[in-house]
Structures are given as C-alpha cells and as structure tokens.
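Chains, contacts and geometry: an overview
So the chains spell out like this:
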Amino acid sequence: MKKTQFKKIFLMYFLMLLFGAGLIYGYVNHLSIMEEDIYLVKTNPIKLIYGWMWLTGLFFMIEHGKEKASAFLLHFFFVLQMIPITVIYALKDENTVFYTAICISVLICEMMVRFMPVKMRDFQYVVSCNKCIIAVFIGLLVLFIVQTYRNNGLPTLTALNIYDVYELRRSGLYHISKYGGYLQTALIKVIIPILLLITLTSRHYIGVIAVFSLEVLIYLYAGQKSFLFMGILVLGIVWWLSQEKLADKFWYLCYGGLSGICFLIHFDSILSVFRLIIRRIFLLSANNKFVYYDFFSTHPREGLAGIFPRWLIPIESNYGQGYPDGYTFQIASIYYGKPEMNCNTGFIGEGFLWFGFAGILIEFVLFALLLRLIDRFQKKTSYIFAVGAAISFVFDLNDGHMISALLFGHLVIWLIFILLYRNQPVRKLPEKKAGQSNSKRSEIEYIHI
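It should be emphasised that the depicted structure is a prediction, and the values quoted were computed from it without experimental measurement.

1. Points about the overall build of the protein
From N to C terminus, the protein includes 18 helices and two strands. Scored against the burial criterion, the 449 residues of the protein give a buried share of 49%. Contacts in the protein between residues far apart in sequence, at least 24 positions, make up 78% of those at least 6 positions apart. Of the roughly 21500 Å² of accessible surface on the protein, 64% is carried by carbon and sulfur atoms.

2. Some thoughts on the environment of Val234
Note on placement: Val234 falls in helix α9 (residues 225-242). The spatial distance from the C-alpha of Val234 to the C-alpha of Val387 is 9.0 Å, given a sequence separation of 153 residues.

3. Observations concerning the environment of Tyr327
Within the fold, Tyr327 resides in helix α12 (residues 327-336). Judged by its relative accessible area of 12%, Tyr327 falls in the buried class. Note: C-alpha distance between Tyr327 and Phe296 (31 residues apart in sequence) is 9.5 Å.

4. Side note on the confidence of the model for the protein
In this model, the protein carries an average pLDDT of 88, and 90% of its residues clear a pLDDT of 70 or more. Low pLDDT (under 50) marks residues 425-432, which in the prediction has 17 contacts with non-local residues, meaning those over four places away or in another chain.

5. Notes on helix α2 (residues 45-61)
Taking 1.5 Å per residue, 17 residues should reach 24 Å; α2 reaches 25 Å between its end C-alpha atoms and fits that length. Looking at α2, one finds that the buried residues are Lys47, Gly51, Trp54, Leu55, Thr56, Leu58, Phe59 and Met61. N-cap assignment for α2: the residue whose side-chain oxygen lies 3.0 Å from the backbone N of Ile46 is Asn44.

6. So, helix α10 (residues 250-263)
Helix length check: α10 (14 residues) gives 20 Å between terminal C-alpha atoms against 20 Å at 1.5 Å per residue, within 8%. Those residues of α10 that fall on the buried side of the exposure criterion are Phe250, Trp251, Cys254, Tyr255, Leu258, Ser259, Ile261 and Cys262. For α10, the angular spread of the buried residues around the axis is 160 degrees, confining them to a single face. Considering only its buried residues, α10 is in contact with α1 (3-34), α2, α3 (69-91), α9 and α11 (268-298).

7. Side note on the side chain of Gln184
Considering the arrangement of structural elements, one finds Gln184 in helix α7 (residues 178-201). On the basis of relative accessibility, which here comes to 10%, the residue Gln184 falls in the buried class. A distance of 2.6 Å separates polar atoms of two side chains, one belonging to Gln184 and the other to Tyr174. Here Gln184 is in contact with Phe144, Tyr174, Ile176, Ile218, Ala222 and Phe227, once residues within four sequence places are set aside.

8. Focus: the nonpolar core
One finds Phe78, Phe367 and Phe417 to be the most contacted residues of the largest nonpolar core, which totals 139 residues. No other element matches the 17 residues that α3 contributes to this core.

9. Points about the packing of aromatic side chains
What the rule picks out here adds up to 48 aromatic pairs. Seen from their ring centres, Phe393 and Trp414 are 4.5 Å apart, and the 25 degrees between their planes marks the pair as stacked. Remark: Trp414 occurs in helix α17 (residues 411-420) and Phe393 occurs in helix α15 (residues 383-396); sequence separation between them is 21 residues. The pair formed by Phe393 and Trp414 is uniform in burial state, with each residue classed as buried. Clustering of aromatic rings is evident, with ring pairs tying together Phe6, Phe10, Tyr13, Phe59, Phe60 and Phe78. Here the basic side chain of Arg301 rests over the ring of Phe352, its NZ or CZ set 4.8 Å away from the ring centre.

10. Quick word on unusual backbone geometry
For Asp93, which is not glycine, the phi dihedral falls at a positive 55 degrees. Within the element layout of this structure, Asp93 appears in the loop between α3 and α4 (96-115). The exposure class assigned to Asp93 is partly exposed, which follows from its relative accessible area of 34%. The backbone of Arg203 sits at a positive phi, close to 60 degrees, despite the residue not being glycine. Residue placement: Arg203 occurs in the loop between α7 and α8 (205-222).

11. Quick word on the packing of α10 against α11
The contact between α10 and α11 brings their axes to 9 Å, and the two run at 115 degrees. In this structure, the crossing between α10 and α11 has a hand that is left-handed. On α11, the residues touching Leu258, Ile261 and Cys262 of α10 are Ile270, Val273, Phe274, Ile278 and Phe282. Of the residues that constitute the contact of α10 with α11, the class distribution is eight nonpolar, no polar and no charged.

12. Looking at the packing of α1 against α10
Put simply, α1 and α10 touch, their axes get as near as 8 Å, and they point 20 degrees apart. In terms of orientation, α1 lies roughly parallel with respect to α10. Both α1 and α10 take part in a crossing whose hand is left-handed. Of the residues in α10, those touching α1 at Lys8, Leu11, Met12, Leu15, Met16, Leu18, Phe19, Ala21, Gly22, Leu23, Tyr25 and Gly26 are Trp251, Tyr252, Tyr255, Leu258, Ser259, Cys262 and Phe263.

13. Considering the pattern of salt bridges
Tallied over the entire structure, the rule returns ten salt bridges. Its salt-bridge partner being Arg275, residue Glu35 comes within 3.2 Å of it at the nearest N-O pair. Pair noted here: Glu35 is in the loop between α1 and α2 and Arg275 is in helix α11, with a separation of 240 residues, a long-range link. Residue Glu35 is classed as buried on the basis of its relative accessible area of 14%. With a closest N to O distance of 2.7 Å, Lys47 and Asp93 form a salt bridge.

The rules behind the values
Sequence order as written defines residue numbering, which begins from 1 separately in each chain. The predicted origin of the model limits local features to residues at a pLDDT of at least 70 and limits the giving and counting of side-chain atom pairs to 80 or more, whereas totals for whole chains, interfaces and linings rest on all residues. Hydrogen atoms and water are omitted, and side-chain values are computed over all heavy atoms in the structure. Numbering of helices and strands runs from the N terminus; a helix is a DSSP stretch of H or I covering at least four residues, while a strand is a stretch of E covering at least two. Each residue is placed in one exposure class: buried if its accessible area under a 1.4 Å probe, protein chains only, is under 20% of its type's maximum, exposed if it is over 50%, and partly exposed if it falls in between. In what follows, residue pairs with any heavy atoms lying within 4.5 Å of each other are defined as contacts. Accessible surface area values rest on a Shrake-Rupley calculation with a 1.4 Å probe, where residue burial reflects the displayed protein chains alone. Looking at any residue, its pLDDT shows the predictor's confidence there, from 0 to 100. Helix span, as expected, comes to 1.5 Å for every residue beyond the first. In protein, a polar contact requires one atom able to donate a hydrogen and another able to accept it; more generally it is a pair of N or O atoms within 3.5 Å, and residues adjacent in sequence count only if both atoms are side-chain atoms. Directions drawn from the helix axis to the C-beta atoms are what define this arc. Here, the term nonpolar core denotes a set of buried Ala, Val, Leu, Ile, Met, Phe, Trp, Tyr and Cys residues that are joined through side-chain atoms within 4.5 Å. Stacked, edge-to-face and tilted are the three classes for Phe, Tyr and Trp ring pairs, Trp counted by its six-membered ring, which pair at centre distances within 6.5 Å; planes under 30 degrees apart are stacked, over 60 edge-to-face, the rest tilted. Each ring is checked for a lysine NZ or an arginine CZ that lies within 6 Å of its centre and within 35 degrees of its normal; such an atom marks a charge sitting over the ring. To define axes, lines are fitted to C-alpha atoms, for helices over the stretch in contact only, and angles between the resulting N-to-C directions are given on a 0 to 180 degree scale. It is the rotation of the near helix from the far one that decides the hand of a crossing: anticlockwise by less than a right angle makes it left-handed, clockwise makes it right-handed. Just so you know the grouping, Ala, Val, Leu, Ile, Met, Phe, Trp, Tyr, Cys and Pro go in nonpolar, Asp, Glu, Lys and Arg go in charged, and all remaining residues, Gly too, go in polar. In these notes the angle categories are as follows: under 35 degrees is roughly parallel, over 145 is roughly antiparallel, 65 to 115 is roughly perpendicular, and the rest is oblique. Think of a salt bridge as a Lys or Arg side-chain nitrogen and an Asp or Glu carboxyl oxygen that are within 4 Å of each other.

This is the structure we're talking about:
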C-alpha cells in the first residue's frame, strides 16, 4: 500500500472515531434528556472498549484503497449501522452475545467479499434489453401516478413542511390499494432510484428533473420522509463520485459533516437536523435492533411465517397481521409506549426474528453474495453506476427486510435489473470451434471475480 493511501485510510479511521464520539455526545446531551425513557444512560466502559476494538477490526477489513463497489457499499453499511449499534450497545449496556453475533457475522461477510472467489453467469452476451427495462420502469411510474390521482385527486401541500408529515398520515387522506402499496414500495426503493441513476449518468437532466418531481409528488401524497430522501441519496452520491476532484474526499465529508451535526446540537437549526437525520436514521434504528432481540428472546420467533406469501405457503404468524396484534405494533407498545406505531427494523432484526442467531449469519452471507454480484455488475457498467444502483438497496436494509423482499418483494425487480442491464456494447457468444473443449468456451461465458 502506498504511503499516501495509508495516510488517507488512517485519516478516515480518525474521522470514524470522531463520528462515534459525536453520536455519544448527542445521545448523552440531548436524547437521554428529551427521551429519557428510551435512551437510557447506563454506560459500560468495558463494552465501550470492546465495541471500539470490533469497530477497528471491521473498519480495516474493508478494502478502502480499491475502487470496488462492494468496498464502498460495505463502508456505507458500516457507517449507517455498525457505528450506531456499537454506541447503543455501550451506552445502554445492551446484550454482549447479540452484539458479538452481529460483529462476527459482519466480519464473515467482509471476509467473503474480500477473499472468496465467485463464478457467476455472465449475461453480457444476451441481447441488450436496456430500452425495454427503462420503458417498463417509466410505464409503471406513470401508471401509478395516474391511478393515484384518480383515487386521491391532487395532493395537499401539508408535507412541504417536513415536520408536518405525521399530521398528513393521521388525516387518512391518502388512499392506496394493497397492490398499489406493493408497486409504491417498488417505485420508491428500486425503480425511481434506478431511473434517476440512468438519467443522471446519461446527462439527461430534464429526465432527472421529471423523475425526481414525480418522486416528490408521491411524497406529497404519502407523507413518508424516506420517499424523498431515497432520491436525494442516489443523486447526491452519484454526483459527488462523478467529480474528479471530490470523489476521494467523500468519506471525509461524510464523517466530518455527521460529526458536526452531533457536536453542534446546541444551535436550534442544527438540532432539527440532528433529530431528523442522526436520531431517526442512525440511533433509533440501531436501538430497534436490540429491542427486537429483547422481544424475540422471550417471545416465539416467526420461522418461515411472513417470508412467503400465504397463497404459496400458508404459514400463520404467531402474532397475527396488522394493528394491534402484529409483532411490530406489540413491540412499539411495549418498548415505546405507542401501540399505534409500526416499529420496523432492518435485516439484522429480520434474521433474528426468523431464525435467531443463525438467521443473522444467513442474512450476512446472503448480503456478501449480493455485494459480489454488484462487483460483477461493475464489470459491465462502471464503479459509479454500480454504487448508484445499489446504494438505495443498502440504505433500505437499515429499516427494511432482505430475505422476504428478495423472494417475492421489490428486490426481485432490483435483482433482475442487476443481472440484465449493461451500458457496454453487446458481444455475441462465439461459435464453438472444432476441437475446442467446453472448458475453453466456458472461460468466455463466465468471468472469475
């Protein structure tokens, strides 16, 4: 490793520790005061040191010096989930076995991504279907907007003030069918981010404005802040990485900016950003991981219930469906005193609620395989395009499920796109020559990563 690269990585490591310290500062000086029933301060110094040791090991296992999409996405996951989880673990004196299981699973994931050779089918010889994919995505987006307008009319402007979205949700003005809800999820988490990526990297700026405007329109109907943030995330990261002079400074800005928000909470304007971003995206989500562990350590786990559609495999949930019997509502009632709240968590909690500690490991092995698939996708697109295509997927894992979404949910659409899309010229598979062995021809069909 070059000396310059070595210095950059250690600077990132220092800024990572600074962000961790910022989370602790914001937690102790604001959240533990304003929401003392949830964010307790029972700091365990031994757990703080233990967590720091894990963070150090996991940080340096990531291939920071390589321009690989999987390395960027692992680093993004590390910032989004592992640092906040460690802070919650140490400050609330949470369960060490659960925390260690998470860290070991992450380490195995990182080792698989870094060292495991994988052979995957190369689709680059299939006739390009890019235009067909884009046309279908645009058609689904327009169809959804038209149907939503027919059912609801024009949206209110309540959500223009991002702090009034809860009022909009409680009003019950937004009407959407069951299958419309499925399509809405696919649009927000997969289709719109991909359309924004394609239009931005193709420099079709009118297309960028049009697609993002439709995303804002859906946000005005639904009042879900994450709907708005998903598009901004994709556009911001892809634009930043596309700037030659700024690309290698992304993580400096990320750590520095997030740390600044945490340490400057005594300013009212910064405090609002802290509660909107740091509290909601980082600390509340991390806290939910331990909440799910605590709940499903004393309540029946779900097993396969909820993974498969009931029409395919009719396995009943142990908790019923929806309010008030669903486990998400029971958890919200017990741990947050809000029985009407739907308490979701990410794929770590999903793994534990399905199959316990084994489920967490399964989730991270699957995550590693998907990251390798993204590296393969990078070969037929580009580093920036691959990161942009997967960043919303990794972000969604903070609060969303992975296994069920991959089997019969929105990630099926994402997976099809990753397998079929390419932005390099199509080459035909060469004819097998006389005397050429199958193994020689297979070297063309498969690429070794």
